[in-house]
Structures are given as C-alpha cells and as structure tokens.
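# A look at the structure
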Amino acid sequence: MPQTPPFAAMFDSSSYNRNLYQTKKDSCGGLYYHDNNLLSGSLEALIQHLVPNVDYYPDRTYIFTFLLSSRLFMHPYELMAKVCHLCTEQQRLSEPGLDKNWTQKIAPKILQLLTEWTETFPYDFRDERMMRNLKGLAQRIASGDEMYRKNVQQLLQTLIQKLAAVTQYEEVLTKIDATTDHLTLLKTKPQSIQRDIITVCNDPYVLAQQLTHIELERLSYIGPEEFIQAFVQKDPLNNDKSCYRDRTKTRNLEAYVEWFNRLSYLVATEICMPVKKKHRARMIEYFIDVARECFNIGNFNSLMAIISGMNMSPVSRLKKTWAKVKTAKFDILEHQMDPSSNFYNYRTALRGATQRSLTAHSNREKIVIPFFSLLIKDIYFLNEGCANRLPNGHVNFEKFWELAKQVSEFMTWKQVECPFESDWKVLQYLLSVPVFSDDALYLASYESEGPENHIEKDRWKTLRVTVENTIYFD
C-alpha cells in the first residue's frame, strides 16, 4: 500500500519542493510559471494538473497545496467528481485493447493520489457524496488487478477507522461539555465542594506533562482544511461557488480554542478559590512552575493560557497575595510571551523549538505546540492580505504556497506522539472540574482582598445582591 512521506520532508524551510515530479507540460496554456515555479493558473488547468497520467505524477507539495486551497473555490465533493471524470476519460480515450496500459501505468498513480487525499484530508470523506465518488473510482482501479484490490480495501478500511475515531472523539467532547459544571455565582467560598489542583497533582512538572497530553490529543483531531474553512464566509454573489462556512467543519478547531479559554479560567479559579492569602500565593507559585515546564517542553499554548489566567483582573488585583510571591520566574515567562513587536520573543522561542524538533531523536524533543490563537490569526491575515484571484482571473497560487507552508508545519507538529505517561485522575480533573465565570471570579477576588475604589465597591455590592439567595448553579 502506498504511504505518504512525513510532512517534515514536504516543505523546505527556505524554498518549496515544487517541481520534484513535474514533467507534465502546460499544453493548454492555463498555468503560469516563473523560474520553474508555478505561480498561477486557471482553476480548470490546476485541476488537470492534479490528475496523474502515464508520464506524470504531481509533486506532493502541489497535491497538498491544491487540496487545501481548492475549497475556497469549490466544495471538495465537486473537485472529487471532476477528478473522477478526468480519470474515467483517460481510461476511455486509451487506445483500444490497451486497457492494461491504463491499469499498469496510471491506476497505481491514481491510487497514490487517493491515498494522499484520504490520509491528509480524511474529514472531506464524511460527506457521503465524497465517499460515493471515492468508492466508484476505487472499484474501477481494483477491477484490473488483485494487488490493487487489496490496496483499495486497505485504503477504505483505514479511512473508515479514522472517521470512526473522530466521531468518537467528538462524542467525548460533547459529553465533557454536557457534564462540566460552571460555578457561575457563589455566596461563600465552598472549600468542601471543590478540591484544588495541588491536592490532585502536587508536582507542577507532572501537571505540565498532563496538559501536554491534552494539547497533543486535541491537536491530532484538527484537520488542515479547518484552517481554510474557518475563513470561508457565505457570499451569495461569489461566482466561484465558494464553500459556505459550516461550523460543523470547524468543530475540532473551535473546541481547541475553547480548551485554551477553559484552562485560563481554571488557573484563575484555582488562585481565587483559597480563603487564606498564603494558600493563594502558593497556588500562584505552583502555576508559575507549571508554566515554566510547559515552556521547556515546547507547549506554548498551555503556557500562554496559564499566563492569561494569571493576568486576568480578578487575579492581578490581588496585590497582597502577589506581594508574598517570588515573581522573578514569572517575569521571565511574561517577557517570553510579550505581545509587543508582533510577539517577537515568542516567535523566536517557537523557531528554536522547531529547530530542536527537526534534529530530535526522541518524541520528548519533537514537541512543538504553538500558541494556537496566534497561529490562526497569522493564517487569517495571510489569507485576507492577498487576493485569491489575479486580475486575469487566474488562481493566485503563489499565495496558496504560503498558506500551505504554514499549515503543513502545523501538520508536522500535531503528528508527534505524547511521550509522557497519562494520569487519568489528573486529566479528568483538568477537563471536568467546575470553573468560575467572570462574575464569580470577581466576587471571590473581592472576598479575598476587599475593593480598593468606588468602582470595585459598587461592583461588589451588585454581585452580592445578585447572589443573595444563590450559591452557584450549572
């Protein structure tokens, strides 16, 4: 069975391997090259460029880039239908009596193309129209040779397993969302209701490892197409029939962003919950150690979520608590994640972690978990900053090389297996323990250290009136 090479080998850091297998000539004049690099083309020519023939198989960078970006112009099932039509036409137009030539020389290449598509963009095939076309083309390939029949069966079996796994994962996410309580309001600090994180996991290094478990698992279920789908907007005047934005197609990406927010609020909750000042100070120092270990691991998303939680107003206003904390380590971490100069310090650290991962000999050294919201923002501005089409109507493929480079780097990072042993007790706590809402955080903060000005006093009074007869509710 053909296997696609790892993503690390697909895009070079300084240039694109755009022409590795390109021997196909631009016979219809629909593609434009400069210095042997494909820069633009008509949509039809680009689709034809995707389909292999006797003398040609597209470069893998082209396959990934076009499959990723084509959804800005057409639905994946429409592209699959066109690919199937072109493949069928090739077989029909082959010389009489030379069907074996198609089977022996083209069928393996089409099978390889389908393998790359199903391995890299498996979620496209949750659409029954995609699956129907895939099975039809696969059957045509399998009819000519027993070996191909086995390869096709393996391809379909692997795809079905992947789709079943993501469905199961999404069901778990739904259950977690349904069973997680939200401490929205409280009358007094209910110490007996909620254990704190230190009683569950007193080692900050272990907690950083368990956070990395959650990050890598959630990353692994984000499809590369979700980055593009997230930016597709409903436009009834779009003549290219762009895909309408469908939130079900970005569910796993959005769930990952929600996880960041949950972790931030969990950190703030754990800090604001203790009644005694020394316990709050201890909790802050604990999370500083967790954040530092996240940085060392290369888990920048958890690191930023922790810093975000510690910088929330209900936490940052606890001046008496912070006075008891040794903040030197926290100051260093804040400097590393400083948003000034477009997160220059973070981007430098990210490049260092990326270089480490490229030469790593263990999964522990391969871990790179980016600050995800910033990654999405970078891709968004890249997408918005350049037109999809040139004045002559050609698809601006130079833009899509850049998009593909960023997304392919993410694909490399998300494929790393977590090297740390999982601790179910800690994982369950992180994913399901109740967290305070904004109002509950402020109320807990005011009860820890009283209001300092009239604005805080008025807000405290309002919150206390609101919870006069309420402790907390779901």
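Structural data are supplied above this passage.
Presented here is an overview of the structure given in this document. (Residues numbered from 1 in each chain as written. Predicted model: local features only at pLDDT ≥ 70, side-chain atom pairs only at ≥ 80, totals over all residues. Heavy atoms only, no water.)

### So, the overall build of the chain
Quick note on the threshold: Strands are runs of DSSP state E lasting at least 2 residues, helices are runs of H or I lasting at least 4, and numbering of each runs from the N terminus. We call a residue buried when its accessible area falls under 20% of the maximum for its residue type, exposed when it is over 50%, and partly exposed in between, using a 1.4 Å probe and counting protein chains only. Between two residues, a contact is recorded if the distance between any of their heavy atoms is within 4.5 Å. Shrake-Rupley sampling with a 1.4 Å probe provides the accessible areas, and residues are treated as covered by the protein chains on show and by no other component.
The helix and strand inventory of the chain stands at 22 helices and 5 strands. Within the chain, buried positions represent 50% of all 474 residues. Considering only contacts in the chain between residues 6 or more positions apart, those separated by 24 or more positions represent 78%. Approximately 22800 Å² of the chain is accessible, and the part contributed by carbon and sulfur atoms is 51%.

### Concerning the pairing of strand 1 (residues 31–34)
This is how it is decided: Here, any two strands with at least 2 DSSP bridges between them count as paired.
Sheet topology note: the strand 1/strand 2 (residues 37–41) ladder contains 4 bridges and is antiparallel. Looking at strand 2, one finds that H34 is bridged to N37. Counting the residues that bridge the hairpin from strand 1 to strand 2 gives 2 residues, and of these D35 lies at a positive phi of roughly 55°.

### Concerning the packing of aromatic side chains
Pairs of aromatic rings are described using the distance from one ring centre to the other and the angle between the two planes. Short version of the rule: Two aromatic rings, drawn from Phe, Tyr or Trp (for Trp, its six-membered ring), form a pair once their centres lie within 6.5 Å of each other, and the interplanar angle then sorts them: stacked below 30 degrees, edge-to-face above 60, tilted otherwise. In our convention, an over-ring charge means Lys NZ or Arg CZ found within 6 Å of a ring centre and within 35 degrees of that ring's normal.
This model, assessed by the stated rule, comprises 21 aromatic pairs. Note on F397 and F400: the rings are 6.4 Å apart at their centroids and 75° apart in plane angle, and the pair reads as edge-to-face. Within this pair, F397 and its partner F400 are both found in helix 19 (residues 397–414), separated by 3 residues, close to a single helical turn. Put simply, the rings of Y62, F66, F73, F397, F400 and W401 pair up and form one aromatic cluster. For the cation-ring pair, R459 lies above Y442, with the distance from its terminal atom to the ring centre recorded as 3.6 Å. If you follow R464 out to its NZ or CZ, it ends over the ring of W460, 4.8 Å from the centre.

### Some details on the sheet that holds strand 2
One open sheet accounts for 3 strands, arranged 1-2-4; its pairing is antiparallel. The open sheet has two free edges, formed respectively by strand 1 and strand 4 (395–396), since each of these has just one partner strand.

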